[in-house]
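# Geometric and topological summary
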Amino acid sequence: ALKGPNFNGNTFAAEAINNGAAFAIIDEADYQTSERCLLFDDVLETLQKLATFHRNFSTAKVISLTGSNGKTTTKELINIVLSKKYRTIATQGNLNNHIGVPLTLLSIEQDTEIAIVEMGANHQKEIAFLSSIAQPDFGYITNFGKAHLEGFGGVEGVIKGKSELFDYLTSKGKHVFLNADDPIQQEKLKTYTKKIGFSTEDPQYYTISFVASNPFVIIEVESTRIETQLVGKYNFSNCCVAILLGKYFNVPLKDIKKSIESYQPQNNRSQIIEKNGYKIILDAYNANPSSMKVALENFGIIEAKPKTLVLGDMFELGDVAEEEHQAIVDLTENIGFDNVMLVGKNFFKTTTTSKKYKSFDDFKAALKENPLAKGALLIKGSRGMALERTLDFL
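These figures come from a predicted structure and were not determined experimentally. Per chain, residues are indexed from 1 in the order of the written sequence. Given that the model is predicted, a residue must reach a pLDDT of at least 70 before its local features are reported, and side-chain atom pairs must reach 80 or more before they are shown or counted; all residues, however, enter totals for whole chains, interfaces and linings. Each side-chain value is derived from all of the structure's non-hydrogen atoms; neither hydrogens nor water enter the calculation.

### Let's talk about helix H2 (residues 43–57)
The condition is simple: A helix here means a DSSP run of H or I that spans at least four residues, while a strand means a run of E at least two residues long, and both kinds are numbered starting from the N terminus. Every helix has an expected span of 1.5 Å times one less than the residues it contains. To sort residues, take the accessible area from a 1.4 Å probe on protein chains only and compare it with the maximum for the residue type: under 20% means buried, over 50% means exposed, and anything in between is partly exposed. In what follows, residue pairs with any heavy atoms lying within 4.5 Å of each other are defined as contacts.
Over its 15 residues, H2 extends 21 Å from the first C-alpha to the last, a length consistent with the 21 Å expected when each residue adds 1.5 Å. Listing the buried residues of H2 in full gives Val43, Thr46, Leu47, Gln48, Ala51, Thr52 and Arg55. Buried-residue contacts for H2 involve strand E3 (24–26), strand E5 (61–66), helix H4 (100–106) and helix H5 (126–134).

### Here we look at the packing of aromatic side chains
We count it as follows: Any pair of Phe, Tyr and Trp rings, taking the six-membered ring for Trp, is counted once the centres come within 6.5 Å. Such a pair is stacked with planes under 30 degrees apart, edge-to-face with planes over 60 apart, and tilted for the rest. Whether a charge lies above a ring is judged from NZ of Lys or CZ of Arg, which has to be within 6 Å of the ring centre and within 35 degrees of the ring normal.
A full pass over the atoms with the stated rule returns twelve aromatic pairs. Here the aromatic rings of Phe177 and Tyr248 are separated by 5.5 Å at their centres, their planes lie at 85°, and the arrangement is edge-to-face. With Phe177 in strand E9 (residues 175–179) and Tyr248 in helix H10 (residues 236–248), this pair connects stretches of sequence that are 71 residues apart. Sitting over the face of the ring of Phe210, Lys233 holds its NZ or CZ atom 4.6 Å from the ring centroid. The ring of Phe299 has Lys307 sitting right over it, with the charged end atom 5.8 Å from the ring centre.

### As for the sheet that holds strand E8 (residues 138–141)
Worth spelling out the cut-off: The pairing criterion for strands is at least two bridges between them, as found by DSSP.
Spatially, E6-E7-E5-E8-E9-E10-E11 is the arrangement adopted by the seven strands of the open sheet, whose pairing is parallel. Edge positions in the sheet fall to strand E6 (88–90) and strand E11 (206–207), since each of these pairs with one other strand and no more. Sheet topology places E5 next to E8; four bridges connect them, and they run parallel. Within E8, the position partnered with Leu65 by the bridge is Tyr140.

### Let's talk about the nonpolar core
What counts is decided by this rule: Among buried residues, those of type Ala, Val, Leu, Ile, Met, Phe, Trp, Tyr and Cys that are joined through side-chain atoms within 4.5 Å constitute a nonpolar core.
Core analysis: the biggest nonpolar cluster contains 36 residues, and Ile208, Ile243 and Ile260 have the highest contact counts within it. It is H10 that contributes the most residues to this core, eight residues altogether. Apart from residues lying up to four places away in sequence, Ile208 is in contact with Phe198, Ser199, Thr200, Ile219, Glu220, Val221, Phe236, Cys240 and Ile243. Judged by nonpolar contacts, the second largest core, of 28 residues, contains Ala51, Val101, Ala134 and Tyr205.

### Observations concerning a nonpolar patch on the surface
In plain terms, the rule: Residues with no salt bridge and a relative accessible area higher than 30% make up the patches, which join like charges within 9 Å and nonpolar side chains (Val, Leu, Ile, Met, Phe, Trp, Tyr) within 5 Å. Methods summary: accessible areas were calculated by the Shrake-Rupley approach with a probe of 1.4 Å, and residue burial reflects only the protein chains presented. By definition here, a salt bridge exists when the distance from a side-chain nitrogen of Lys or Arg to a carboxyl oxygen of Asp or Glu is within 4 Å.
A contiguous nonpolar surface patch, about 270 Å² in accessible area, is contributed by Phe23, Leu38 and Phe40. Here Phe40 is to be found in the loop between strand E4 (37–39) and H2. Take Phe40: its relative accessible area is 36%, and that puts it in the partly exposed class.

### Focus on the pattern of salt bridges
Pairs can form between side chains of opposite charge once their charged atoms are near each other. Evaluated as defined, the whole model comprises 18 salt bridges. One salt bridge in this structure joins Glu222 and Lys247, with 3.0 Å as the shortest N-O distance. Pair noted here: Glu222 is in the loop between strand E13 (216–221) and strand E14 (224–231) and Lys247 is in helix H10, with a separation of 25 residues, a long-range link. A salt bridge links Asp283 to Lys380; its shortest N-O distance comes to 3.2 Å. Of the two residues, Asp283 sits in strand E16 (residues 278–283) while Lys380 sits in strand E20 (residues 376–380), which places them 97 residues apart along the sequence. Among the charged side chains, a salt-bridge network with shared partners connects Lys3, Asp27 and Glu28.

### Some words on the pairing of strand E15 (residues 271–275)
For a regular strand, the rule is simple: side chains alternate between the two faces of the sheet. Sheet topology places E15 next to E16; five bridges connect them, and they run antiparallel. By the bridge assignment for E16, Ile273 is matched with Ile280. With antiparallel pairing between neighbouring strands as the criterion, E15 and E16 make up a hairpin whose turn holds two residues, including Asn276 at a positive phi of roughly 50°.

### Here's the deal with the environment of Asp42
Stated formally: Under this definition, polar contacts are N or O atom pairs within 3.5 Å; protein pairs additionally need one hydrogen-donor-capable and one acceptor-capable atom, and for neighbouring residues in sequence, both atoms have to be side-chain atoms.
On the secondary structure map, Asp42 appears in the loop between E4 and H2. Assessed through its relative accessible area of 34%, Asp42 is described here as partly exposed. One polar contact links the side chain of Asp42 to the main-chain amide nitrogen of Leu44, over a distance of 2.9 Å.

All we've got here are geometric facts, nothing functional implied.
So this is what it looks like as structure tokens:
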């Protein structure tokens, strides 16, 4: 019976029992209407402890992953690869916080062999806490980027916070997967022996080659070409770790290839949509300076004309919001696009010759007056901007 700002789960306990629940875990005595309502001091803490108990009761191997960008896509790629050979469960959507991680662990069934658990964080000690709940056997960090700078206290804080997963795994002598081309990961794990890595250049690690991304990523591994349905070079490393885990867990390469080639992104994450003469890259699930930069650079090299950008504000940047939004605007001008439209209060404050709008409503009104030129279109912004609404006005 969890609580939120606008609800109290205790009030539903009796109804849950009447509807067939075996028990209800509550933390307010007033709602203990039967012996099947189990009273605890704190429901959330009980959920977390129960999840750890369940995880240890199971024989499933737990793989945890975190990082600034690409967590959910990476989790889905790992799951689709490993599910070719094993009975897997994985975090649903992005239920990756102090409630989502326990719920994921509790979805482990008796025959589950591998559980892939995504962990999100926006401040220090959060990944350490989630690791203590999930107690992973393996782990991977996608990258360290400019995300949740406000909560982490800058980029160094992000590195320290995300590295708490490495700290947990190395302290327990567990295996760590790494992107050996990432200097931060290399530095963090330089003396650690239980590491399995991929690299495009270092022969001591599993070699995977980047072939192209125009717009879809193409990979070569062991003379096998993998043609993905993922846009942008930034998805290359996400595919690489899925290939690496597949190899580690003895999934045949032909099955790894088939899995990755069949994966199509959903939920506004680098989706390719063709509509009314527009070829749209919809990347409106989230945004931070790191993910925005790689998305713009990728869009810059795609062969298409004309190219239009619709960019929405990036949230949770704290004191550096103004400079980070200006840096993105400067980058758009350096790369050079045919049409740039900036939406949100932060982008509205920037110095630029591009069109800018204080709110989505202002942007929508402008679109109705002057429809966008048909061609290639990148739509990217933080979740709160909900820029996928743009599709309704094309």
